[in-house]
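Below, each chain spelled out in residue letters.
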Amino acid sequence: MLLGAINFCTKTKSIWILVGKILSVFKIVIPILVIVFGMIDLGKAVVASKDDEIKKAAKALMMRCIAGVVIFFIPTIVGFAFSLADGFNSDGDYSVCEACITKGTC
């Protein structure tokens, strides 16, 4: 094991807490933005009454929804990655990183 990697997550706990809080804010803001921008785009397309613009706006809304879902599940994916890394580590330090990122506190 590298000497600098011992207790890495414990030493950098404040950074992981900040990352967890930012991800928590993203989990609230991203769905709101998807809804607002989707309403605006679809509203413009419906007012224009052109089928190709409506299809284009619906496709853009679908892509935004997919991006929102991916961002929403980033903490779960990161937590899974840290739990896998913790299985290979003897001191169990990566569970601290996982708790900080997924909960925003540790």
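Because the structure is predicted, anything quoted here is derived from the model rather than measured. (Residues numbered from 1 in each chain as written. Predicted model: local features only at pLDDT ≥ 70, side-chain atom pairs only at ≥ 80, totals over all residues. Heavy atoms only, no water.)

### Some details on the overall build of the protein
Note the following rule: In this description a helix means any DSSP run of H or I spanning at least four residues, a strand means any run of E spanning at least two, and both kinds are numbered starting from the N terminus. Any two residues having at least one pair of non-hydrogen atoms within 4.5 Å are treated as being in contact. Surface accessibility follows the Shrake-Rupley procedure with a 1.4 Å probe radius. Residue values consider only the protein chains on display as shielding.
Secondary structure assignment for the protein yields 5 helices and 0 strands. Beginning at the N terminus, the succession of helices and strands in the protein can be written as α-α-α-α-α. Restricting the contact set of the protein to residue pairs at least 6 apart, pairs at least 24 apart contribute 57%. Accessible surface, the protein as shown: approximately 7400 Å² in total, 74% of it carbon and sulfur.

### Some remarks on the pattern of salt bridges
Going by this rule: Every case where a carboxyl oxygen of Asp or Glu lies within 4 Å of a side-chain nitrogen of Lys or Arg is listed as a salt bridge. The classification of residues rests on relative accessible area computed with a 1.4 Å probe and restricted to protein chains. Under 20% of the type maximum is buried, over 50% is exposed, and intermediate values are partly exposed.
Under the criterion given, the structure shown has 2 salt bridges. Between Asp 41 and Arg 64 there is a salt bridge whose closest N-O contact spans 2.5 Å. On the criterion of sequence distance, the pair formed by Asp 41 in helix H2 (residues 13-48) and Arg 64 in helix H3 (residues 51-72) is long-range, its members being 23 residues apart. As a salt-bridge pair, Lys 50 and Glu 53 come within 4.0 Å of each other at their nearest N and O atoms. Under the relative-accessibility criterion, Glu 53 is labelled partly exposed at 33%.

### Focus: the packing of H2 against helix H5 (residues 94-103)
Here is the rule we go by: Geometry is summarised by axes, namely lines fitted to C-alpha atoms with helices restricted to the contacting stretch, and by angles between N-to-C directions that run from 0 to 180 degrees. Here the term charged refers only to Asp, Glu, Lys and Arg, the term nonpolar to Ala, Val, Leu, Ile, Met, Phe, Trp, Tyr, Cys and Pro, and the term polar to all other amino acids, Gly among them.
Interhelical geometry of H2 versus H5 gives an angle of 35° and a closest axis separation of 6 Å. Packed against H2, whose contacting residues are Lys 13, Trp 16, Ile 17, Val 19, Gly 20 and Leu 23, the element H5 presents Val 96, Cys 97, Cys 100 and Ile 101 at the interface. Considering only residue class, the contact of H2 with H5 consists of 8 nonpolar, 1 polar and 1 charged.

### Some points on a nonpolar patch on the surface
In plain terms, the rule: The residues that make up patches have over 30% relative accessible area and no salt bridge, and they are joined within 9 Å when like-charged or within 5 Å when they are Val, Leu, Ile, Met, Phe, Trp or Tyr.
A cluster of nonpolar residues, Leu 18, Ile 22, Val 25, Phe 26, Ile 28, Val 29, Ile 32, Leu 33, Val 36, Phe 37 and Ile 40, forms a patch on the protein surface that exposes about 950 Å² of accessible area. Secondary-structure assignment places Phe 37 in helix H2. By relative accessible area, which is 41% here, Phe 37 ends up partly exposed.

### Observations concerning H2
As a reminder of what qualifies: Helix span is expected to be 1.5 Å times the residue number reduced by one.
For H2, which comprises 36 residues, the first-to-last C-alpha distance of 52 Å matches the rise-based estimate of 52 Å (1.5 Å per residue) to within 8%. Among the residues of H2, Trp 16, Gly 20, Leu 23, Ile 30, Val 34, Gly 38 and Ala 45 are the ones counted as buried.

### Some words on unusual backbone geometry
Leaving glycine out, the prevailing phi sign among residues is negative, and the prevailing peptide bond configuration is trans. The backbone of Ser 49 shows a phi angle near 60°, a positive value even though the residue is not glycine. Along the polypeptide, Ser 49 turns up in the loop between H2 and H3.

### Describing the nonpolar core
Inclusion rule: Nine residue types can take part in a nonpolar core, namely buried Ala, Val, Leu, Ile, Met, Phe, Trp, Tyr and Cys, and a core is a set of them joined through side-chain atoms within 4.5 Å.
Core analysis: the biggest nonpolar cluster contains 7 residues, these being Cys 9, Trp 16, Leu 23, Phe 82, Cys 97, Cys 100 and Ile 101. The set of elements that each furnish at least two residues to this core consists of H2 and H5. Here the element with the most residues in this core is H5; it accounts for 3 residues. Setting aside its immediate chain neighbours within four residues, Leu 23 contacts Ile 74, Pro 75 and Ile 101.

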